[in-house]
Amino acid sequence: MRHARDTDLPLTVDRTASTGLGEQLVRQIRELVARGVLRPGDPLPSSRALAARLGISRGTVTAAWDVLAGEGYLVADRGATRITPHLEMRRDTGPVARAVATTAEAHRARLSGPEPGGDAAASPRVGQHSAPTSPRTGMPVARIPAPTTSPAPPSPRTARRSAARPEVIDLRPGKSTITSLDTPAWRGAWRDAASGVATGRTLRTDLRDHLADYLRLNRGIVRSPEDILVTAGVRDGLQLALRVLGLARGRRLRVAVENPGYPALRRVVRALGHIALPVGVDEHGLVPEQLPSGRWGGAGRWDVAPAPDAIVLTPGHQYPLGGTMPVTRRMELLAWAREHGALVLEDDYDSELRHSAQPLPALGALDTARDTVVTLGSFAKVLGSSVGVGHLVAPDSLLPDLERTRAELGSPVSLIAQEALARFMDSGEFQRHTARMRRSFRRRRLLLSDVLGDLPHVSVLPMAGGAHAVLAVPDEDAAIERARRRGVLVGALAEYWTGQGRAGGERGGAAASSTEAEAEVDRKLGERGGVVLGLTALDRDVERGARVLREVLGEP
């Protein structure tokens, strides 16, 4: 099985800490190896890519890699730096392949100095007496050109039709086709999958093996392939989990949902006959203190509403406002859920698309007891919704019932689709395609900021990643209608609030007490509405749509 080097390991740096930045990386890699997140043979990110993501110099990263190589954790082979393939850990001495202590100490001394000013060449070199080979050698950086297309000139008939009816640019989230996926590797994966299933020549490892590696390396969730359920996407996984939980509790469930939040998830809750309880969000996502708990709620009131049975949220990238839930709040939420016997359903819908800031591990990675969090994921943002493949990781106590229910209902994902995605991931093309998509979304978000950023009374909400953008505008309805008349379709932010939107939406349970959280959202939006734009459209369409919006939003 091949691995791509462009993995989003949960590595962070703290510039305020007394420990050097390089030593912080060394300690985190050791801990990831000890926890089993990193395993023998796993690749590490390239020094260049990791340095760019963390905002540190490349020299700091390579110095940390040298220390770990000296200690026996890392080895450079086949143009990549990997965890030592035959690494074995001992409690007394650490890795068996540990180098001489003086060599490791010589490397470690490099990490104790101040952070270089971003110039990799300014960092001191390892002395010639160093035993391990530097990971810098033999590490070519692949140059992947951005996909370009040269459209053929329109025919006279097409030109006449275009002149009579302007082309519509659809920038609504989830509406555009991901054309960059049309590659020989993608087509070949499906062709080989169809042939392999028909003749019995399938891969030796199935999709769940690749999903286990993906969750471990990119989301910090360490589970065996047998613990993972293949789903048709987040909504399929959500309805499966709620169905099993509802049968276990023998009644309608009370399910807390983010407000604003993804409308399709609320619809799944209601379609199953359960009660959706809107809970306010702020710039960091869902606010745990707004959850009803059947106890004194503060501020002169008594909260008598029973606690929710489940909580559906998007902690990695709150949809649609884009906030990321910090670790402290995540731990607070997990403690609340355990205290009240609630199941936390984490929609990890676009975690692979972070292009700024430091990634956080999934909420499921913090659930070390494996008793509270269901992690739902899909690849709709990078492969398109038409592929219809996702995954589900559940608490140990819930897993047998989930597997039994899935077996009774049947899998909605064909074996050919699973085999095709497994082949795409096995070749490394999935990781390379994801990296291209991440760069594309970042480029399109910057394009929006460049075109619209200087407009008065308009702002592009900051986000650390994802496949959509939100514009705060003075008059939401007028902006959408004017853009539609000019041939540009965008989404309305009001659609993401429950009921009738922010001003007069459904109120009940915790929603009635979420005034502080909603006030923060109002401050973020300037007490205005907003429009939501998808970033999966072609660059030229995003640019043309942005320029139309600039003209529309600049009108009196």
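Above this note sits the structure.
Residues numbered from 1 in each chain as written. Predicted model: local features only at pLDDT ≥ 70, side-chain atom pairs only at ≥ 80, totals over all residues. Heavy atoms only, no water.

## Quick notes on the overall build of the chain
Scanning the chain for helices and strands turns up 18 helices and 20 strands. Sorting the 556 residues of the chain into buried and exposed places 53% on the buried side. Put simply, of all contacts in the chain between residues at least 6 apart along the chain, 74% involve residues at least 24 apart. Carbon and sulfur atoms provide 52% of the accessible area of the chain, an area that totals close to 25,100 Å². (Helix = DSSP H or I, 4+ residues; strand = E, 2+ residues; numbered from the N terminus. Buried < 20%, exposed > 50% of the residue type's maximum accessible area, 1.4 Å probe, protein only. Contact = heavy atoms within 4.5 Å. Areas by Shrake-Rupley, 256 points an atom, 1.4 Å probe, with all protein chains shown as cover.)

## Considerations on the pattern of salt bridges
Taken as a whole and assessed by the stated rule, the structure comprises 31 salt bridges. Note that glutamate 23 is salt-bridged to arginine 30, the shortest N-O span being 3.9 Å. By relative accessible area, arginine 30 is classed as partly exposed at 22%. A salt bridge links aspartate 182 to arginine 187, with the nearest nitrogen and oxygen atoms 2.5 Å apart. Classification of arginine 187 as partly exposed rests on a relative accessible area of 41%. Because the salt bridges share partners, they merge into one network encompassing Glu23, Arg27, Arg30 and Glu71. (Salt bridge = Lys/Arg side-chain N within 4 Å of Asp/Glu carboxyl O.)

## Quick look at the sheet that holds strand S13 (residues 343-347)
Read across the open sheet, the eight strands follow the order S6-S15-S14-S13-S12-S7-S8-S9; overall the sheet is mixed. The sheet is open, and its two edges are formed by strand S6 (228-231) and strand S9 (285-286), each paired on a single side. One ladder, built from two bridges, connects strand S8 (residues 275-282) with S9; its direction is antiparallel. Across the sheet, residue aspartate 282 finds its bridge partner in S9, namely glycine 285. (Pairing = 2+ DSSP bridges.)

## A closer look at helix H6 (residues 184-199)
Its 16 residues give H6 an end-to-end C-alpha distance of 22 Å, which sits within 8% of 22 Å, the value for a rise of 1.5 Å per residue. Of the surrounding elements, those touching the buried residues of H6 are helix H12 (380-383) and helix H14 (415-426). Of the residues flanking the end of H6, it is glycine 200, one or two places downstream, whose phi is positive at about 85°. (Expected span 1.5 Å × (residues − 1).)

## With respect to the packing of helix H2 (residues 47-54) against helix H3 (residues 58-70)
Remark: H2 packs on H3, axes separated minimally by 8 Å, with the N-to-C direction vectors making an angle of 125°. Taken together, the axes of H2 and H3 are oblique relative to one another. The way H2 lies across H3 gives a crossing that is right-handed. The segment H2 lies against H3, with Ser47, Arg48, Leu50 and Ala51 engaging Arg58, Val61, Thr62 and Trp65. Its residues assigned to classes, the contact of H2 with H3 comprises four nonpolar, two polar and two charged. (Axes fitted to C-alpha atoms, helices over the stretch in contact; angles between N-to-C directions. Parallel < 35°, antiparallel > 145°, perpendicular 65-115°, else oblique. Left-handed = near helix turned anticlockwise from the far one by under 90°. Nonpolar A, V, L, I, M, F, W, Y, C, P; charged D, E, K, R; others polar.)

## Quick word on the sheet that holds strand S19 (residues 491-492)
With respect to topology, four strands assemble into an open sheet ordered S16-S17-S20-S19, the strand pairing being antiparallel. Of all the strands in the sheet, just strand S16 (459-460) and S19 have a single pairing partner and so form its edges. Where strand S17 (residues 468-473) meets strand S20 (residues 529-534), six bridges bridge the pair, whose relative direction is antiparallel. Paired with alanine 472 across the bridge in S20 is glycine 530. Sheet strands touched by helix H15 (residues 429-452): S16, S17 and S20. Its angle to S17, the strand with the most contacts, is close to 20°.

## A look at the environment of histidine 433
Mapped onto the fold, histidine 433 is located in helix H15. Taking the C-alpha atoms as reference points, histidine 433 and tryptophan 186, 247 residues apart in sequence, are found 9.7 Å from one another. In this structure, histidine 433 is in contact with Ile178, Ser180, Leu181, Val382, Leu383 and Phe424, ignoring residues within four places of it in sequence.

## Quick notes on the environment of alanine 537
Relative to the elements of secondary structure, alanine 537 occurs in the loop between S20 and helix H18 (539-553). Accessibility expressed as a relative area gives 5% for alanine 537, which makes it buried. Through-space distance from the C-alpha of alanine 537 to that of isoleucine 169 is 8.7 Å; in sequence the pair is 368 residues apart. Other than its neighbours up to four places away in sequence, alanine 537 contacts Leu171, Ser176, Arg444 and Val542.

## Considerations on the packing of helix H8 (residues 234-249) against helix H9 (residues 263-271)
In contact at an axis separation of 10 Å, H8 and H9 are set at 30° when each is read in the N-to-C sense. Relative to H9, the element H8 is oriented roughly parallel. Seen along the crossing, H8 lies across H9 with a hand that is right-handed. Together, Val234, Arg235, Leu238, Gln239 and Leu242 of H8 and Ala264, Leu265, Val268 and Val269 of H9 make up the contact between the two elements. Of the residues assigned to the contact of H8 with H9, the class counts are seven nonpolar, one polar and one charged.

## Digging into helix H1 (residues 21-35)
Taking 1.5 Å of rise per residue, the 15 residues of H1 would be expected to cover 21 Å, and the 21 Å separating its terminal C-alpha atoms lies within 8% of that figure. Those residues of H1 lying buried are Leu21, Gly22, Glu23, Gln24, Leu25, Val26, Gln28, Ile29, Leu32 and Val33. After H1 finishes, the residue glycine 36 shows a positive phi value of roughly 90°.

## Considering the side chain of threonine 375
Tracing the backbone through its elements, the reader meets threonine 375 in strand S14 (residues 373-378). For threonine 375, a relative accessible area of 2% corresponds to the buried category. For threonine 375, the side chain forms a polar contact with the side chain of glutamate 346, separated by 2.9 Å. Not counting residues within four places of it along the chain, the set of residues in contact with threonine 375 comprises Ile221, Glu346, Asp348, Gly364, His391, Leu392 and Val393. (Polar contact = N/O pair within 3.5 Å; in protein donor to acceptor, adjacent residues only side chain to side chain.)

## Regarding the pairing of S13
The buried fraction of S13 amounts to five of the five residues, a majority that puts the element mostly inside the structure. Residues of S13 alternate between two faces, with Leu343, Leu345 and Asp347 on one and Val344 and Glu346 on the opposite face, all of them buried. As paired elements, strand S12 (residues 310-313) and S13 share four bridges and run parallel to each other. Across the sheet, the residue bridging to alanine 310 is leucine 343, located in S13.

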